Amino acid sequence: MLRRAGPSLRHFLLERKSSAGYSSYSSEAKMSRPVQARRLEGIDKNIWVEFVKLAATYSTVNLGQGFPDFPPPDFLQKAFVRALSGENHMLHQYTRAFGHPPLVKILAQFFGKLLGRDLDPMTNVMVTVGAYQALFCCFQAFVDEGDEVIIIEPFFDCYEPMVKMAGGMPVFVPLRPKAPKDGKLMSSADWHLDPAELASKFSERTKAIVLNSPNNPLGKVFSRGELELIADLCVKHDVLCISDEVYEWLVYDGKEHIRIASLQGMWDRTVTIGSAGKSFSATGWKVGWTVGPNRLLQHLRTVHQNSVYHCATVAQEAVAQGFQRELELYGKPESYFIQLPKELQQKRDWLVQSLGAVGMKPIIPEGTYFLVADISEFKSDVPDVPDSDEPYDSRFAKWMVKNKGLAAIPLSAFYCGAHKNNYNHFIRFCFAKEEATLKAANDILQKWKREKTSP
Ligand code: PMP
């Protein structure tokens, strides 16, 4: 135990306090100067805090927040246990700051194969605390005061505050829905970028565009044509692309996930972000990564080493082993990256059926954990309040969790303040859930349907 030499600290403080004038500096004195840094202005509210609390308080079935309630695959759990309790006790200590060597090596091999280029594990890959930290590193590393960053709406909500914290200006461009002609259910593929509108957002102030395909919350998987449109604009205006591809394996109906970094002229200006949380259904492990050219990643390393520095070694070791297995089984039916989307597609279809039964109009997602449904037919349950500050979908989601015990997230949460009310009659459900959870949701929806139809 450490001991102070000489009189005790308490004795010292008592002596100081009794000396003339000291009492005015007592511990009671409140600070009067503002403590909040300017960069936090306007970003202190967060929808998740409110909706996670509501779900915990009222929901019997939580299809709100995006995480699976089923376990990660057996091979991954076993790899974690082996890493934790095996003989290599060094796995309990710090590892290489920019990524545990076995993990960066296998990621370089894996993504090198997918991108068709040789990747150097030490310079072309960096491991992060989930994809969240990868995003944070990108904005801090690339965005200067006044730089503009284009964000496609609807967007994973942290992009906007992260750009602002870096001093940048988010510039929003919405995906625009086009109703299918034949009366079919809408698909996430029916939400398009308007090429002229997108082009109008690029200027000499544009530093980067954030792309998220497959997209949270819509489940849209950007087509090659759409990616080429974005790529051409990036090249023309010399703009970076921060490509959030955390749902890369979760694509349905035979759709293909295309990596924008593989398109002409894009490797050199793209950072691709991935997540073991989504790849292996282990969101709590918080292992993410970035892949890109050293000329970009060297700046991410600077942010990383001066903030987080190091990510949990045991989790990295287990993820490395998971990727080793997936590399060996690549494209084979036993591969988790083949099996998981198959299972999730079935869960998606169940939820589509259940929501349709109660009168919601689901937008069929081409990928991700999420499904967005149109709730505009529910005004008899939750009436419109003209001129309300709160978007309709937010009031609806709160009403639904309190009255029906079913939690979902309003789509308006994925839009900037100015556009929230243009897209305020949709809610997002997460279908990456156990069969029993989806069945319980179906029971709620069926009961709701009976209540609606009984006189
Ligand atoms: N990007 C997107 C689009 C996401 O949906 C999420 C998680 N919901 C993240 C990044 C963060 O991923 P991680 O849990 O690996 O930090």
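Residues numbered from 1 in each chain as written. Predicted model: local features only at pLDDT ≥ 70, side-chain atom pairs only at ≥ 80, totals over all residues. Heavy atoms only, no water.

Another aspect to go through is the overall build of the chain. Assigned secondary structure in the chain consists of 14 helices and 15 strands. Its C-alpha atoms give the chain a radius of gyration of 25 Å, near enough to 23 Å, the size a compact globule of 455 residues would have. Seen along its three principal axes, the alpha-carbon backbone of the chain occupies a region of about 85 × 55 × 50 Å. Counting every position in the chain, which comprises 455 residues, the buried fraction comes to 53%. Total accessible area computed for the chain in this model is approximately 21,900 Å², and 52% of it derives from carbon and sulfur atoms. Averaging the locations of the 54 positively and 51 negatively charged side chains of the chain gives two centres separated by 5 Å. (Helix = DSSP H or I, 4+ residues; strand = E, 2+ residues; numbered from the N terminus. Rg over C-alpha atoms; globule rule 2.2 N^0.38 Å. Buried < 20%, exposed > 50% of the residue type's maximum accessible area, 1.4 Å probe, protein only. Areas by Shrake-Rupley, 256 points an atom, 1.4 Å probe, with all protein chains shown as cover. Lys, Arg positive; Asp, Glu negative; His and termini not counted. Charge placed at Lys NZ, Arg CZ, Asp CG, Glu CD.)

Quick look at the pattern of salt bridges now. Scanning the entire structure with this criterion turns up 22 salt bridges. Across the pair Lys184 and Asp182 runs a salt bridge whose closest N-O atoms are separated by 3.7 Å. Accessibility expressed as a relative area gives 53% for Asp182, which makes it exposed. Residue Lys398 pairs with Glu390 through a salt bridge whose shortest N-O separation is 2.7 Å. (Salt bridge = Lys/Arg side-chain N within 4 Å of Asp/Glu carboxyl O.)

Taken together, 13 residues sit near the ligand, with Ala131, Asp244, Tyr247, Ser275 and Lys286 positioned nearest. The backbone of Tyr132 places a nitrogen or oxygen atom 3.0 Å from an oxygen atom of the ligand. Here an oxygen atom of the ligand and a side-chain polar atom of Asn216 are 2.8 Å apart. Computed on the free molecule, the ligand has an accessible area of 400 Å², of which 93% lies beneath the protein chains in the complex. Judged by its atoms lying within 2 Å of the grid points, the ligand is housed in the second largest pocket. Take the shell around the ligand: its biggest share by element is three residues, from helix H5 (residues 130-142). Grouping the amino acids of the shell around the ligand by side-chain chemistry returns six nonpolar, four polar and three charged. (Near = heavy atom within 4 Å. Polar contact = N/O pair within 3.5 Å; in protein donor to acceptor, adjacent residues only side chain to side chain. 1 Å grid on protein atoms, 1.4 Å probe; cavity = no way out; pocket = protein on both sides within 12 Å on 5 of 7 lines; lining within 4 Å. Sits in = over half its atoms within 2 Å of the grid points. Nonpolar A, V, L, I, M, F, W, Y, C, P; charged D, E, K, R; others polar.)

The UniProt feature table records "domain: Aminotransferase class I/classII large" (unreviewed entry) at residues 61-441. Secondary structure across residues 61-441 comprises 38% helix and 17% strand; the distance between its end C-alpha atoms is 6 Å. (UniProt positions renumbered as here; feature names shortened; annotations may be inferred.)

Before going further, it helps to examine the sheet that holds strand S15 (residues 426-430). Judged by pairing direction, the sheet is antiparallel, and its four strands sit side by side in the order S11-S12-S15-S14 without closing on themselves. Looking at strand neighbours, the two that pair on one side only are strand S11 (361-363) and strand S14 (409-410), the edges of this open sheet. Pairing analysis gives two bridges linking S14 to S15, with the strands arranged antiparallel. Each bridged residue has a counterpart across the sheet, and for Ile409 the counterpart in S15 is Arg428. Lying over the sheet, helix H12 (residues 336-358) contacts S11, strand S12 (370-374) and S15, oriented at roughly 15° with respect to S12. (Pairing = 2+ DSSP bridges. Contact = heavy atoms within 4.5 Å. Axes fitted to C-alpha atoms, helices over the stretch in contact; angles between N-to-C directions.)

This part covers the pairing of strand S4 (residues 169-174). Within S4, five of the six residues are buried, leaving the element largely enclosed by the surrounding structure. Strand direction decides the pairing type here: strand S3 (residues 148-153) and S4, joined by six bridges, are parallel. For Ile152, the partnering residue across the bridge sits in S4 and is Val173. Handedness of the crossover joining S3 and S4 through helix H6 (residues 159-165): right-handed. (Right-handed = clockwise from strand over helix to strand, strands pointing away.)

Turning to empty space enclosed by the protein, a few remarks are in order. Within the structure shown, the criterion is met by two cavities of 30 Å³ or more. Surrounding the largest cavity, 13 residues form its lining, Phe51, Ala55, Gly64, Ala407 and Ile409 being those nearest its centre. Of all elements in the fold, only helix H2 (47-58) and helix H13 (392-404) reach the threshold of two or more residues within the lining of the largest cavity. Here the lining of the largest cavity gets five residues from one element, more than from any other, and that element is H2. In this structure, the second largest cavity encloses a volume near 30 Å³. What lines the second largest cavity is simply Ile152, Pro154, Phe155, Tyr159, Val210, Asn212 and Asn215. Class assignment of the residues belonging to the lining of the second largest cavity gives a composition of five nonpolar, two polar and no charged. (Points joined across faces, edges and corners; volume = space filled by probe spheres on them.)

Moving on, we get to the packing of aromatic side chains. The relation between two aromatic rings is expressed through the spacing of the ring centres and the mutual angle of the planes. Counted by the stated rule, this structure contains 34 aromatic pairs. Both rings, one in Phe110 and one in Trp249, keep their centres 5.8 Å apart while their planes meet at 90°; by these two values the pair is edge-to-face. Placement of the pair is Phe110 in helix H4 (residues 101-115) and Trp249 in the loop between strand S8 (240-244) and strand S9 (270-275), with a sequence separation of 139 residues. No difference in accessibility class separates Phe110 from Trp249, as the two residues are buried. (Phe/Tyr/Trp six-rings, centres within 6.5 Å; stacked < 30°, edge-to-face > 60°.)

The next point concerns the environment of Glu160. Tracing the chain through its elements places Glu160 in helix H6. Sequence spacing of Glu160 and Ile43 is 117 residues, and the spatial spacing of their C-alpha atoms is 8.7 Å. Leaving out residues up to four positions away in the same chain, Glu160 has contacts with Ile151, Phe155, Pro170, Phe172 and Cys416. Side chain to side chain, Glu160 and Lys164 meet in a polar contact 3.0 Å long.

For the pair H12 and helix H14 (residues 435-453), interaxial distance at closest approach is 8 Å and the crossing angle is 15°. Relative to H14, the element H12 lies roughly parallel. In terms of crossing hand, the pair formed by H12 and H14 is left-handed. From H12, Lys347, Trp350, Ser354, Leu355, Ala357 and Val358 reach across to H14, where they touch Glu435, Leu438, Asn442, Leu445, Gln446, Trp448, Lys449 and Lys452. Of the residues contributing to the contact of H12 with H14, the split by class is seven nonpolar, three polar and four charged. (Parallel < 35°, antiparallel > 145°, perpendicular 65-115°, else oblique. Left-handed = near helix turned anticlockwise from the far one by under 90°.)

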